[in-house]
Every structure is written in C-alpha cells, then in structure tokens.
Amino acid sequence: METIYTVEWMKQVARQARVEARLVGLVPTMGALHEGHLSLVRAAQKQCSPVVVSIFVNPAQFGPKEDLEKYPRQLEADREVLEKLGVDYLFAPTVAEMYPHGFRTYVSVEGMSSVLEGRSRPGHFRGVTTVVLKLFEIVQPHFAYFGRKDAQQARILRQMTADLNLDTEAVVCPIVREPDGLALSSRNAYLNPDERRAATVLHRALRAAEKKIAAGERDTLHLLAAMRKLLDAEPLASVDYVEIVDADTLEPVTR
Ligand code: AMP
C-alpha cells in the first residue's frame with residue numbers, strides 16, 4: 001500500500017488509473033478505523049481496483065463547539081489495518097493541503113442539509129458535501145462507498161452526485177453493529193462504561209418501533225411516543241431529535 005499525502009500526487013495516481021481503464025473505488029473516512037469502515041473497504045474491493053481509502057478529519061464539518069480537537073487520530077494503526085486488508089492507496093492529506101490559505105468555495109445541498117442532524121449541527125453537511133466533492137475531484141473514483149449509519153449524509157450525497165452530474169456513483173452499505181446493537185463509531189471511544197451501556201437505548205428504541213410497525217402500527221405519533229418513552233427512561237441520554245421521515249425527501253410523515 002502506498003500512502004499519499006499531497007493532492008497533486010493523489011491526482012496523478014488517479015489519472016494514471018483512469019488511463020489504464022481501471023475501476024477506481026474510494027472509501028472516505030475520518031480514520032480511527034473500525035469494522036464499520038472495513039466493511040466499506042471490503043465492498044469496494046469486491047468491485048474496484050485500485051481502492052483508495054482517505055483519512056481526513058475534516059474541520060469544515062465540525063461546529064465551533066464540537067470535538068475537532070479531541071477527535072481520535074491514529075494514522076499509524078489505521079495504516080497497518082489497511083495494509084493488511086490489501087488496500088492500494090491511503091490518501092491522508094493535511095488540512096493545509098485540503099484547505100489552503102484563501103480557500104472560500106463551499107458546496108451545499110439546500111433544504112436537506114438543515115433538517116434532522118443538520119438542525120442540531122448547522123453547517124455540518126455543507127462541510128461534508130464540500131470535502132466529498134473535493135475528494136471526488138482529486139481521486140476521480142467510479143464508485144465511492146458510504147455507510148447507512150449516516151443515512152442523511154448518504155441521501156444528501158446522492159442528491160449532490162445527481163444535481164452536479166458527477167461521474168462517481170455513491171454506494172451505500174449496511175450498518176455494522178456491536179452484538180448488543182450499538183452501531184460502531186469512532187466516537188464510541190468517548191463513552192465510559194455507564195454511557196456505553198446507556199447508548200444501547202438508541203438501538204432498543206429503533207427495535208421497539210420496528211416491532212410495532214411489524215404488528216401493524218402506522219401512526220407515526222404513536223411510534224414516536226413509544227421511542228420517546230424508552231429514550232426518556234434513560235437518564236444518561238439527552239435527545240436531539242426523533243423523527244420519522246420519508247427516506248427520499250427527508251420530510252416528516254404522519255403515517
Ligand atoms: P467516519 O469516519 O465516521 O466519517 O465514517 C466514514 C464512513 O464510514 C461513512 O460513510 C460512515 O457512514 C461509515 N461508517 C461509520 N460507521 C459505520 C458502521 N458502524 N457501519 C457502516 N458504516 C459505517
């Protein structure tokens with residue numbers, strides 16, 4: 001595996017792969033890799049060669065009060081994991097490479113970026129779409145792989161690729177969970193043992209709603225109330241939002 005630190009070199013390698021008519025796959029990440037990320041890498045390897053994994057903690061998607069400084073960074077360990085998996089290129093640019101002095105162009109998917117997660121984290125999705133578009137331009141991948149864990153992000157990126165006629169197809173892969181249902185996440189490392197136990201309430205609430213739907217419940221007010229009840233019973237949880245939305249428009253539905 002070759003580790004690439006500069007945009008210019010990554011572009012050159014990607015251009016060469018395109019000239020050789022190879023199928024380029026990209027897995028964008030912020031590192032601190034876990035099985036969720038690795039499932040995306042394996043999906044990419046099934047379809048593409050070469051596979052490029054990017055590791056970049058993107059300042060543009062962090063709010064001023066968010067965890068940019070303390071976000072886990074472990075490039076050496078990540079590099080070893082990717083090497084073992086047989087990844088072709090690790091693209092690990094610096095912030096100055098991606099956002100040089102004077103940078104001032106952002107891309108934003110209107111509307112969809114300001115609901116749900118976007119309401120709690122203003123500017124977050126603008127940062128995501130900007131960095132992903134930059135990565136697409138640099139790596140020119142035929143396919144790029146994203147997790148359904150970030151369902152709104154996947155929907156927004158699909159909108160961006162359609163609206164801007166991009167040559168990259170976004171592939172959305174299933175969520176990888178711990179045995180107790182908690183979705184794997186680099187940020188789970190922040191949780192102490194009590195919080196780690198409490199975090200399973202997210203999955204339990206989703207399962208409760210799923211069970212009610214399977215039993216015939218269709219009224220979203222009832223489903224939301226059932227989820228709220230479980231979440232409110234967990235003192236360590238403070239809820240930003242619980243919503244049931246149309247998967248395509250991200251607008252709330254009543255049934
Ligand atoms: P991150 O490093 O958190 O920005 O995530 C990079 C990519 O991995 C995103 O497309 C995420 O949706 C995906 N991802 C993160 N956690 C999981 C998981 N538990 N299962 C599947 N995909 C995941």
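Here goes a summary of the coordinates provided. (Residues numbered from 1 in each chain as written. Predicted model: local features only at pLDDT ≥ 70, side-chain atom pairs only at ≥ 80, totals over all residues. Heavy atoms only, no water.)

### Here we look at the site of the ligand
How we decide: Throughout, near means a residue has at least one heavy atom within 4 Å of the molecule or strand. Any pair of nitrogen or oxygen atoms within 3.5 Å is treated as a polar contact; in protein, a donor-acceptor pairing is required on top of that, and neighbouring residues in sequence qualify only through side-chain atoms on both sides. Calculation of accessible area relied on Shrake-Rupley with a 1.4 Å probe; when residues are assessed, cover is drawn exclusively from the protein chains displayed. A helix here means a DSSP run of H or I that spans at least four residues, while a strand means a run of E at least two residues long, and both kinds are numbered starting from the N terminus. Charged residues are taken to be Asp, Glu, Lys and Arg, nonpolar residues to be Ala, Val, Leu, Ile, Met, Phe, Trp, Tyr, Cys and Pro, and polar residues to be all remaining types, Gly included.
Taken together, the neighbourhood of the ligand is formed by 17 residues, with His37, Lys149, Asp150, Val176 and Leu184 sitting nearest. Within the contact set of the ligand, an oxygen atom lies 2.8 Å away from a side-chain nitrogen or oxygen of His37. Look at the ligand: alone it shows 480 Å² of surface, and the protein chains cover 93% of it. For the shell around the ligand, the secondary structure elements donating two or more residues are strand E2 (25-29), helix H2 (35-47) and strand E5 (143-147). A total of three residues in the shell around the ligand trace back to one element, the largest contributor, which is H2. Per-class residue counts for the shell around the ligand are nine nonpolar, six polar and two charged.

### Some thoughts on the packing of helix H6 (residues 124-139) against helix H7 (residues 151-163)
Threshold: Note on definitions: angles span 0 to 180 degrees between N-to-C directions of axes, and those axes are lines fitted to C-alpha atoms, for helices only across the stretch in contact. Here the word oblique covers every angle except those under 35 degrees (roughly parallel), over 145 (roughly antiparallel) and from 65 to 115 (roughly perpendicular). It is the rotation of the near helix from the far one that decides the hand of a crossing: anticlockwise by less than a right angle makes it left-handed, clockwise makes it right-handed. Only heavy atoms matter for contacts: two residues are in contact if any of them lie within 4.5 Å across the pair.
Remark: H6 packs on H7, axes separated minimally by 11 Å, with the N-to-C direction vectors making an angle of 50°. One finds that H6 runs oblique with respect to H7. In this structure, H6 meets H7 at a crossing whose hand is right-handed. Together, Phe125, Val128, Thr129, Val132, Leu133 and Phe136 of H6 and Gln152, Gln153, Ile156, Leu157, Met160 and Thr161 of H7 make up the contact between the two elements. The residue inventory of the contact of H6 with H7, partitioned by class, reads eight nonpolar, four polar and no charged.

### Here's the deal with the packing of aromatic side chains
Put simply, the rule is: When two rings of Phe, Tyr or Trp (its six-membered ring) have centres within 6.5 Å they constitute a pair, described as stacked for plane angles under 30 degrees, edge-to-face for angles over 60, and tilted for the intermediate range. Buried, partly exposed and exposed residues are distinguished by accessible area as a fraction of the type maximum, computed with a 1.4 Å probe on protein chains only: under 20%, between the cut-offs, and over 50%, respectively. Each ring is checked for a lysine NZ or an arginine CZ that lies within 6 Å of its centre and within 35 degrees of its normal; such an atom marks a charge sitting over the ring.
Per the stated rule, a full pass over the model turns up five aromatic pairs. When the ring of Phe56 is compared with that of Tyr99, the centres are 6.1 Å apart and the planes differ by 35°; the resulting orientation is tilted. One end of the pair, Phe56, is in the loop between strand E3 (51-55) and helix H3 (75-85); the other, Tyr99, is in the loop between helix H4 (95-98) and helix H5 (117-120), and 43 residues separate them in sequence. A ring pair is formed by Phe62 and Tyr71, whose centres lie 5.8 Å apart and whose planes are at 80°; its orientation type is edge-to-face. Considered together, Phe62 and Tyr71 belong to a single accessibility category, that of buried residues. Taken together, the ring pairs connect Phe56, Tyr99, Phe103 and Tyr106 into an aromatic cluster. Geometry around Tyr106 places Arg126 over its ring, the cationic atom sitting 3.8 Å from the centre.

### A closer look at the sheet that holds E5
To summarise the sheet geometry, strands pair through backbone hydrogen bonds and adopt either a parallel or an antiparallel arrangement. Inclusion rule: We call two strands paired when DSSP finds no fewer than two bridges between them.
Across the sheet, which stays open at both edges, the six strands sit in the order E1-E4-E3-E2-E5-E6 with parallel pairing between neighbours. In this open sheet, the two edge strands, each paired with only one partner strand, are strand E1 (2-4) and strand E6 (169-173). Here the average twist between neighbouring strands, direction ignored, is 25°. In terms of strand pairing, E2 meets E3 through five bridges, oriented parallel. Paired with Gly25 across the strands is Val51, a residue of E3. Contacts from H2 reach E2, E3, E5 and E6 within the one sheet, and its direction differs from that of E5 by about 155°.

### Notes on the environment of Ala198
Within the element layout of this structure, Ala198 appears in helix H8 (residues 193-198). A residue is classified by how much of its surface remains accessible, and Ala198, at 8% relative accessible area, is buried. Separated by 37 residues in the primary sequence, Ala198 and Pro235 place their C-alpha atoms 8.3 Å from one another. Those residues in contact with Ala198, other than ones at most four positions away along the chain, are Arg204, Glu234 and Leu236.

### A short note on helix H1 (residues 7-19)
Given 3.6 residues per helical turn, the α-helix brings residues three or four places apart onto the same face. We count it as follows: A helix is expected to span 1.5 Å for every residue after the first. What the arc describes is the spread of directions from the helix axis to the C-beta atoms.
Helix length check: H1, at 13 residues, gives a terminal C-alpha distance of 18 Å against a target of 18 Å (1.5 Å per residue), a fit within 8%. Those residues of H1 that fall on the buried side of the exposure criterion are Val7, Met10, Val13, Ala14 and Ala17. Angularly, the buried residues of H1 cover 130° about the axis, an arc narrow enough to put them on a single face. Downstream of H1 by a residue or two, Ala21 has a phi angle that is positive, lying close to 60°.

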